Amino acid sequence: MKKLINAPETVLGDALAGIAAAHPELTVDTENKVIARAGGNRGGKVALVSGGGSGHEPLHGGFVGPGMLDAACPGEVFTSPVPGQMLSAARSVDGGAGVVFIVKNYTGDVLNFRMGAELAAEEGIAVETVLVDDDVAVQDSTYTAGRRGTGATVFVEKIAGALAEQGADLAAVAEMGKRVNASSRSFAVALTACTTPASGKPGFELPEDEMEVGVGIHGEPGRRREKLRTAKEIVATALDAILEDQPPAAGDETIVMVNGLGGTPLIELYVVFNEVAAALADKGVAIARNLVGNYVTSLDMAGVSITVCRADAEMLSLWDAPVNTPALRWGV
């Protein structure tokens, strides 16, 4: 295993120290493992908290800042954070208007965030939860009951975060997050497995001429394995699954993310985006906004995920609202 680490057991702590050194606009609580905006929450603003296992950077810590999250709770690599982290985060960012927990649909995350919400409620902190379950590749997996939460998490955090920044109340912010999730679908393909620091070897064996179709962001199996195909064919497979689950209508406007899984060169992501744009145009579906790059990774996995959100005018306006985080920044 070749990785730029000191030791497998210190990866998270060392990375948190690095985030603190690189981003003075953030407060990093290394003891409780919480990344938050420096200066805390202004009174009366709904706070957004998300989190999950590390290894998916910049999700979630890279999206803490004005216009998106107020705090993020990183767990160990591919391991859910614990309820005490959520409670500590909620305490640190609650400005009296309540907290929205944004939770990807993985069993550990769901259970631990639920316990965190219960602990926060006992302290008088109002919490609403938005569950992200956008992955259409498989209905159930080793990690989930129902669909996995993947790329749409970025859309939920950005759009609901903008609404919170405008002063909307707790119910409205949570409802917007649920609307965005309901409007979003994702599908991923892996060309290689990833290697976690603790294991020191790839999570699964994948021959050089094969790909995993519908893979999860922890390396969970997808729908099937196939021989490696062209970018155009891979995009067709992903979009067929996405659009079959949420059929398009002519004139739809969308936000599209072509997301690298950690080991994919940007030039290849642009090749994929070109195919996505052409395929959606053929169906009369307009791409109103887009992201191309690494936003929800899986350590060093080579591959791509595609997320399509059918966005109404309000969602697009909130998408365009200013954001200032380590990984996403515009309008400031």
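Before reading further, recall that the structure is shown in the block above.
In what follows, the accompanying structure is described. (Residues numbered from 1 in each chain as written. Predicted model: local features only at pLDDT ≥ 70, side-chain atom pairs only at ≥ 80, totals over all residues. Heavy atoms only, no water.)

**Here's the deal with the packing of helix 5 (residues 170–182) against helix 8 (residues 313–320)**
How we decide: To obtain each axis, a line is fitted to C-alpha atoms, and for helices this fit is confined to the stretch in contact; angles are then taken between N-to-C directions over 0 to 180 degrees. For the purposes of this entry, the term helix denotes a DSSP run of H or I that reaches at least four residues, the term strand denotes a run of E that reaches at least two, and both are numbered from the N terminus. An angle below 35 degrees is read as roughly parallel, one above 145 as roughly antiparallel, one from 65 to 115 as roughly perpendicular, and any other as oblique. Only heavy atoms enter the contact rule, under which two residues are in contact if any of them lie within 4.5 Å. Polar here means any residue outside two lists: the nonpolar Ala, Val, Leu, Ile, Met, Phe, Trp, Tyr, Cys and Pro, and the charged Asp, Glu, Lys and Arg; Gly therefore counts as polar.
Interaxial distance between helix 5 and helix 8 falls to 12 Å at its minimum, and their mutual angle equals 105 degrees. It follows from the interaxial angle that helix 5 and helix 8 lie roughly perpendicular. Within the contact between the two elements, helix 5 uses M176, R179 and V180 and helix 8 uses E314, M315 and L318. When its residues are assigned to classes, the contact of helix 5 with helix 8 shows four nonpolar, no polar and two charged.

**So, the sheet that holds strand 8 (residues 210–213)**
What counts is decided by this rule: Pairs of strands are assigned from DSSP output, requiring at least two bridges between the strands.
Taken in spatial order, the six strands line up as 9-8-7-12-10-11 in an open sheet, and their pairing is mixed. What marks the edges here is a single partner per strand, and that holds for strand 9 (224–227) and strand 11 (286–293). Strand-to-strand, the axes of this sheet are offset by a mean angle of 20 degrees, without reference to chain direction. As defined by bridge partners, strand 10 (residues 253–260) adjoins strand 12 (residues 303–310) across seven bridges and the pair is classed as antiparallel. The residue bridging N259 from the neighbouring strand is S305, located in strand 12. The strands that helix 4 (residues 152–165) touches are strand 7 (184–190), strand 10, strand 11 and strand 12; relative to strand 10, the one it contacts most, it runs at about 125 degrees.

**Topic: the packing of helix 6 (residues 231–245) against helix 7 (residues 266–282)**
Using the following cut-off: Each crossing gets its handedness from the near helix: less than a right angle anticlockwise from the far helix is left-handed, clockwise is right-handed.
For the pair helix 6 and helix 7, interaxial distance at closest approach is 9 Å and the crossing angle is 50 degrees. For the element pair helix 6 / helix 7, the angle class is oblique. Handedness of the helix 6/helix 7 crossing: right-handed. Residues A231, K232, V235, L239 and L243 of helix 6 pack against V271, V272, E275, V276, A279 and L280 of helix 7. Of the residues belonging to the contact of helix 6 with helix 7, the class tally is nine nonpolar, no polar and two charged.

**Some remarks on the nonpolar core**
Rules: Nonpolar cores are built from buried Ala, Val, Leu, Ile, Met, Phe, Trp, Tyr and Cys residues. Side-chain atoms within 4.5 Å join them into one set. In this scheme, a residue with accessible area under 20% of its type's maximum is buried, one over 50% is exposed, and one in between is partly exposed, where area comes from a 1.4 Å probe on protein chains only.
In this structure, L48, V100 and V173 are the most contacted members of the largest nonpolar core, which totals 48 residues. Elements supplying a minimum of two residues to this core: helix 1 (11–22), strand 1 (26–29), strand 5 (99–104), strand 6 (127–132), helix 4, helix 5, strand 10 and helix 8. With nine residues, helix 4 is the single largest residue contributor to this core. Non-local contacts of V100, meaning those with residues more than four positions away in its chain, are made with V46, A47, L48, V49, E128, V130, L170, V173 and A174. Membership of the second largest hydrophobic core comes to 25 residues, among which are V235, L269, V276 and V285.

**Remarks on unusual backbone geometry**
Note that the residue after E57, namely P58, is joined by a cis bond; omega there is 15 degrees. You can see P58 is positioned in the loop between strand 3 (47–54) and strand 4 (71–77). The omega torsion across L59 and H60 is 0 degrees, close enough to zero to call that bond cis. One non-glycine residue, F78, lies in the positive phi region at around 60 degrees. Locating F78 in the fold gives a position in the loop between strand 4 and helix 2 (83–93). Assessed through its relative accessible area of 15%, F78 is described here as buried. At L299, a residue that is not glycine, the phi angle is positive and equals roughly 55 degrees.

**A word on the environment of A302**
With respect to the helices and strands, the residue A302 is situated in the loop between strand 11 and strand 12. Classification of A302 by relative accessible area gives buried; the value is 13%. When near neighbours in sequence (up to four residues on either side) are disregarded, A302 contacts V189, A190, L191, T192, G263 and T264.

**Quick notes on the pattern of salt bridges**
We apply this condition: For salt bridges, the criterion is a side-chain nitrogen of Lys or Arg within 4 Å of an Asp or Glu carboxyl oxygen.
Applying the stated criterion across every chain yields a total of 17 salt bridges. Between R37 and E165 there is a salt bridge whose closest N-O contact spans 3.2 Å. Highlighted residues: R37 in strand 2 (residues 34–37) and E165 in helix 4, separated in sequence by 128 residues. The class of R37 is buried, set by a relative accessible area of 13%. A relative accessible area of 22% means that E165 is categorised as partly exposed. Here D252 ties to R310 by a salt bridge, and the two come within 2.9 Å at their closest N and O atoms. One end of the pair, D252, is in the loop between helix 6 and strand 10; the other, R310, is in strand 12, with 58 residues separating them in the sequence.

**Digging into the packing of aromatic side chains**
Counted only if it meets this: Each pair of aromatic rings taken from Phe, Tyr and Trp, with Trp reduced to its six-membered ring, is defined by centres within 6.5 Å and is described as stacked if the planes are under 30 degrees apart, edge-to-face if over 60, and tilted in the remaining cases.
A full pass over the atoms with the stated rule returns three aromatic pairs. Taking 5.3 Å as the distance between ring centres and 75 degrees as the angle between the ring planes, the aromatic pair formed by F101 and F113 counts as edge-to-face. Here F101 is found in strand 5, whereas its partner F113 is found in helix 3 (residues 107–122), with twelve residues between them in sequence. Residue F101 is classed as buried on the basis of its relative accessible area of 0%. Relative to W330, the ring of W319 lies with its centre 5.5 Å away and its plane at 50 degrees, an arrangement referred to as tilted.

By themselves, these are just geometric observations and shouldn't be taken as functional.
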